[in-house]
Amino acid sequence: MIAVSELAFSYHSNAPPVLTDLSVAFPAGDTTVVTGPSGCGKSTLLYVLGLMLRPTAGRLEINGADAATLPDAERSGLRAERIGFVFQDAVLDPTRTIIDNVLEGGLYAGINPSTARSRALDLLRWFGVEERPNRRPGEISGGQAQRVALCRALLKQPSILLADEPTGNLDRASADIVWQALAVARDEGAAVVVATHDLSRSVEAQHTVRL
Amino acid sequence: MALVSEGAAIARSQLVATTVTALVVAAVCGVIFATVGQSAATVAKVLASIDEAGTRTIVVRDASDEAGLRADSVNALSSIDGVVWVFGLGQATDVRNADLGLAGQAVPARRYYGDLPAEIQVSGRLPRSGEALIGSEAIGAVGVASPAVGLVGPGTDVAAVGGFQAQAPLAFLSRSVLIAPRISASDDRLRELYVVVDRAELVAQVATAIRLAVHAEAPQRLAIETPRLLVDLRSAVGGELIGSARQLLLIVLAVGLLLVTATTAGAVSARRRDFGRRRALGATRSAVVLLVLIQTGVAALIGSVAGTVVGLLAVLRLAGSLPDPAFILGVSVLALLMALAAGVPPALLAAFRDPVRILRVP
């Protein structure tokens, strides 16, 4: 369970707030879609939930504990162990192989390397990108790259999965696969939060937050 | 462990930065060996030649035989910390070839006390009590071709059983005959004691200890001669040469430091997105610092080994000899530490960047 209450955020002290007085809960085992026009703060909310930005005001609770004020090392620890993040443009390491990119998802959580490797190969197989896992990201399509990014996020079996426009650059078929994967993570008990422009996907979520 | 192999993998994936860092570190090692290494060899040679003049030798003299310097002082002084060897000499008497009698040329003969040091190289067998060795320059004066000869003098009748060649600080003995001490000689009187210490810096300290430990009836009448001028000269020359070598070393290290910092900063800057992603995936700031330092360390290790090998080959070719192993190891480790220190500012820069600013798609 992740929740915010009376949350406010602005990038600079003299800049107008991007988020104001936002109170919302993101239950475990549910998918919550965050929608709204460009610039309304969808991505910012995900970065706050992903402990990459500190709220200017309000509380951010993860399993009942206030995570907003934790020191950086503890926030990094939570990101490493419990939060999976899928970026809009995959953000893979172009110099490393696909399997290495997936394994990076467990690197900072200290997952046993052989366990991580076996799970990474399972995930790649499930997402249909298991062929030649030693390819570089430059050798695969955007849709495949986003699926690899999902494998990376799911490797640590996160209790919170955050996805920022994960299908924004994908065709319909690839987008369907991504949404299926998000549904699997939800069914495994994760709190899934997806920022998207695509209102049609609201039907796949249990909750919708409009900013 | 996983972070170490990840850092090594980054070093492999960033071949240009790794190669440049390795080359800089190799160049630093090579330049240090070619410059400071040669200076160190020069310092060692100069100091060795000063040492040859006796910077480590203390002479205890009872010139007028009024101090009553006893032979058992040899054992007493040998136990002082820092003393390498002690060698005592009794009063000189003239001896001649027994076959020639008074027609023969007189040479000085002295009883010696203590083990023969390495500075006296004996040919033939070692003398037993009452036997003698003839110095290389005294053999001709005695009028024989080989050192096996009977020698006589006032109260002296000995058989020479071998010869010897003496080196500094006992080189003057080459013109003499050395007579082995009697079995029970602890009460014999000495005229001179030669004490060699481990390092020139110990001379003053050991000279003070000698004054307290020496066995003599009137120790205050003994003259204890220290090579103070030579020690001062050694200290001044050594200090000057070591100072300039150290200055050169610092300059080379500073230049290397700047170059490795610039290279690593460039590599870190080119991988802003990489470090932003790592932070977003849960890498702590210290993990990011560690990754950058491992990457730099791997490159530096390769450069250090390569630079040391090439530098040593160059020194061997130019100078004909290799520097001290401790110096070689020191240079390699110093170059490695220099590279790691150079990697710290870029590593901190990478660790403290805001991942959101880097990763956010506008």
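All chains use their own residue numbering, which begins from 1 and follows the written sequence. Think of it this way: whatever chain is written first is A, whatever ligand is written first is 1, and the rest follow in order. Reporting in this predicted model follows two pLDDT cut-offs: at least 70 for local features of residues, and 80 or more for side-chain atom pairs to be given and counted; totals over whole chains, interfaces and linings ignore these cut-offs and use all residues. With hydrogens and water excluded, all non-hydrogen atoms of the structure serve as input to the side-chain values.

Draft legend 1. Examining the overall build of chain A more closely. Under the scheme used here, helices are H or I runs from DSSP no shorter than 4 residues and strands are E runs no shorter than 2 residues, and both carry numbers assigned from the N terminus. Summing up its helical and strand segments, chain A has six helices and nine strands in all. Based on the C-alpha atoms only, the size of chain A along its principal axes is roughly 50 × 35 × 30 Å. Relative to its 211 residues, chain A shows a buried fraction of 55%. Under the convention used here, a 1.4 Å probe and the Shrake-Rupley method define accessible areas, while residue burial counts only the protein chains that appear. Here chain A has roughly 8600 Å² of accessible surface; of this, 50% comes from carbon and sulfur atoms. Neither His nor the chain termini are counted; the positive set is Lys and Arg, and the negative set is Asp and Glu. A single reference atom marks each charge: NZ on Lys, CZ on Arg, CG on Asp, CD on Glu. When the 20 basic and 24 acidic side-chain charges of chain A are each reduced to a single mean position, those positions are 3 Å apart. The classification of residues rests on relative accessible area computed with a 1.4 Å probe and restricted to protein chains. Under 20% of the type maximum is buried, over 50% is exposed, and intermediate values are partly exposed.

Draft legend 2. Molecular detail of the packing of aromatic side chains. Only rings of Phe, Tyr and Trp enter the pairing, Trp through its six-membered ring, and a pair is recorded when the two centres are within 6.5 Å. The plane angle decides the type: under 30 degrees is stacked, over 60 is edge-to-face, the rest tilted. Applying the stated criterion across every chain yields a total of seven aromatic pairs over all chains. With centroids separated by 5.4 Å and ring planes inclined at 10°, the aromatic side chains of Tyr47 of chain A and Phe85 of chain A adopt a geometry described as stacked. A residue pair is termed long-range when its members are at least 10 positions apart, and Tyr47 of chain A in helix 1 (residues 42-49) and Phe85 of chain A in strand 6 (residues 83-86) qualify at 38 residues. Between Phe172 of chain B and Tyr194 of chain B the ring centres are 5.7 Å apart and the planes differ by 35°, which places this aromatic pair in the tilted class. Placement of the pair is Phe172 of chain B in the loop between strand 8 (156-166) and strand 9 (177-179) and Tyr194 of chain B in strand 10 (residues 192-197), with a sequence separation of 22 residues.

Draft legend 3. Seen up close, a nonpolar patch on the surface. Patch membership requires over 30% relative accessible area and the absence of a salt bridge. Like charges are linked within 9 Å, and nonpolar side chains (Val, Leu, Ile, Met, Phe, Trp, Tyr) within 5 Å. Take a side-chain nitrogen of Lys or Arg and a carboxyl oxygen of Asp or Glu: if they are within 4 Å of each other, that pair is a salt bridge. Taken together, the side chains of Leu301, Val305, Val309, Val310 and Leu313 of chain B define a hydrophobic patch exposed on the protein surface, amounting to about 470 Å² of accessible area. Tracing the sequence through the fold places Val305 of chain B in helix 8 (residues 285-319).

Draft legend 4. Expanded view of the sheet that holds strand 4 (residues 57-62) of chain A. Residues and elements named next belong to chain A. Spatially, the four strands line up as an open sheet ordered 2-1-4-5, and their pairing is antiparallel. Edge positions in the sheet fall to strand 2 (19-26) and strand 5 (65-66), since each of these pairs with one other strand and no more. Where strand 4 and strand 5 come together, two bridges link them in antiparallel fashion. The residue bridging Ile62 from the neighbouring strand is Ala65, located in strand 5. Only heavy atoms matter for contacts: two residues are in contact if any of them lie within 4.5 Å across the pair. Only the stretch in contact is used when a helix axis is fitted, and all axes are lines through C-alpha atoms; the angle between N-to-C directions ranges over 0 to 180 degrees. On the sheet, helix 1 packs against strand 1 (2-9), strand 2 and strand 4 and is oriented at approximately 120° with respect to strand 1. What makes two strands pair is DSSP finding at least two bridges between them.

Draft legend 5. Spatial organisation of the side chain of Arg186 of chain A. Within the secondary structure, Arg186 of chain A is located in helix 6 (residues 172-187). Beyond its immediate chain neighbours, meaning those up to four positions away, Arg186 of chain A contacts Gly29, Asp30, Thr31, Val192, Glu204 and Gln206 of chain A.

Draft legend 6. View of the domain arrangement of chain B. Each domain of chain B was delimited in the assignment, giving domain 1 (2-49 + 234-359) and domain 2 (57-227). Placing the centre of domain 1 of chain B and that of domain 2 of chain B at their C-alpha centroids yields a distance of 55 Å. For every domain, the bounds stem from an assignment made automatically or drawn from a database.

Draft legend 7. A look at the interface of chain A and chain B. With 25 residues of chain A at the interface, the matching set in chain B holds 25 residues. Summed over both partners, the accessible surface that disappears when two parts come together, traced with a 1.4 Å probe, is what is meant by buried area. Summing both sides of the interface, chain A and chain B together bury roughly 2300 Å²; the carbon and sulfur share of this comes to 57%. Taken together, the links from chain A to chain B amount to nine salt bridges. Here a polar contact is taken to be a pair of N or O atoms separated by no more than 3.5 Å, where protein atoms must pair a possible hydrogen donor with a possible acceptor and residues adjacent in sequence count only if both atoms sit in side chains. For the interface between chain A and chain B, the tally reads nine residue pairs in polar contact (both at pLDDT 80 or more). Contributions of two or more residues to the side of chain A that touches chain B are made by helix 1, helix 2 (72-82) and helix 3 (98-107) of chain A. The leading source of residues in the side of chain A that touches chain B is helix 2 of chain A, at five residues. Residues are sorted three ways: Asp, Glu, Lys and Arg are charged, Ala, Val, Leu, Ile, Met, Phe, Trp, Tyr, Cys and Pro are nonpolar, and all the rest, Gly among them, are polar. Its residues assigned to classes, the side of chain A that touches chain B shows 11 nonpolar, six polar and eight charged.

Draft legend 8. Representation of the environment of Val289 of chain B within the structure. All names here are of chain B. Tracing the backbone shows Val289 in helix 8. Once the C-alpha coordinates of Val289 and Val28 are considered, the two residues, 261 residues apart in sequence, prove to be 24 Å apart. For Val289, the residues in contact, after removing those within four places along its chain, are Ala347, Leu348 and Ala351.

Draft legend 9. Spatial organisation of the packing of helix 8 of chain B against helix 9 (residues 325-351) of chain B. All names here are of chain B. Here helix 8 crosses helix 9 at 150°, and the two axes come no closer than 8 Å. In this view, helix 8 runs roughly antiparallel relative to helix 9, as classed from their interaxial angle. Considering how the two elements wind past one another, helix 8 and helix 9 form a crossing that is right-handed. Within the contact between the two elements, helix 8 uses Arg285, Val288, Val289, Val292, Leu293, Thr296, Gly297, Ala300, Leu301, Ser304, Thr308 and Leu312 and helix 9 uses Ile328, Ser332, Leu336, Ala339, Leu340, Gly343, Val344, Ala347, Leu348, Ala350 and Ala351. Residues of the contact of helix 8 with helix 9, tallied by class, amount to 16 nonpolar, six polar and one charged. Note on terminology: angles under 35 degrees are roughly parallel, angles over 145 are roughly antiparallel, angles of 65 to 115 are roughly perpendicular, and the others are oblique. Crossing handedness follows the turn of the near helix against the far one: under a right angle anticlockwise gives a left-handed crossing, and clockwise gives a right-handed one.

Draft legend 10. Molecular detail of helix 1 of chain A. All names here are of chain A. Of all eight residues that make up helix 1, eight are buried, and the element is covered over most of its length. Within the span of helix 1, buried status applies to Lys42, Ser43, Thr44, Leu45, Leu46, Tyr47, Val48 and Leu49. Phi for Leu51, located one or two positions after helix 1, is positive at around 60°.

Draft legend 11. The arrangement of the pattern of salt bridges in detail. Under the defined criterion, the tally for this structure stands at 30 salt bridges over all chains. Between Asp93 of chain A and Arg277 of chain B there is a salt bridge whose closest N-O contact spans 3.7 Å. You can see Asp93 of chain A sitting in the loop between strand 6 and helix 3 and its partner Arg277 of chain B sitting in helix 7 (residues 272-280), one on each of two chains. The residues Asp93 of chain A and Arg277 of chain B share a single accessibility class, namely buried. Here Arg125 of chain B ties to Glu131 of chain B by a salt bridge, and the two come within 2.7 Å at their closest N and O atoms. Residue classification places Arg125 of chain B among the partly exposed residues on the basis of a relative accessible area of 35%. Using a relative accessible area of 15% as the deciding quantity, one classes Glu131 of chain B as buried. One salt-bridge network, held together by shared partners, links Asp93, Arg96, Asp100 and Glu104 of chain A together with Glu6, Arg271, Asp274, Arg277 and Arg278 of chain B.

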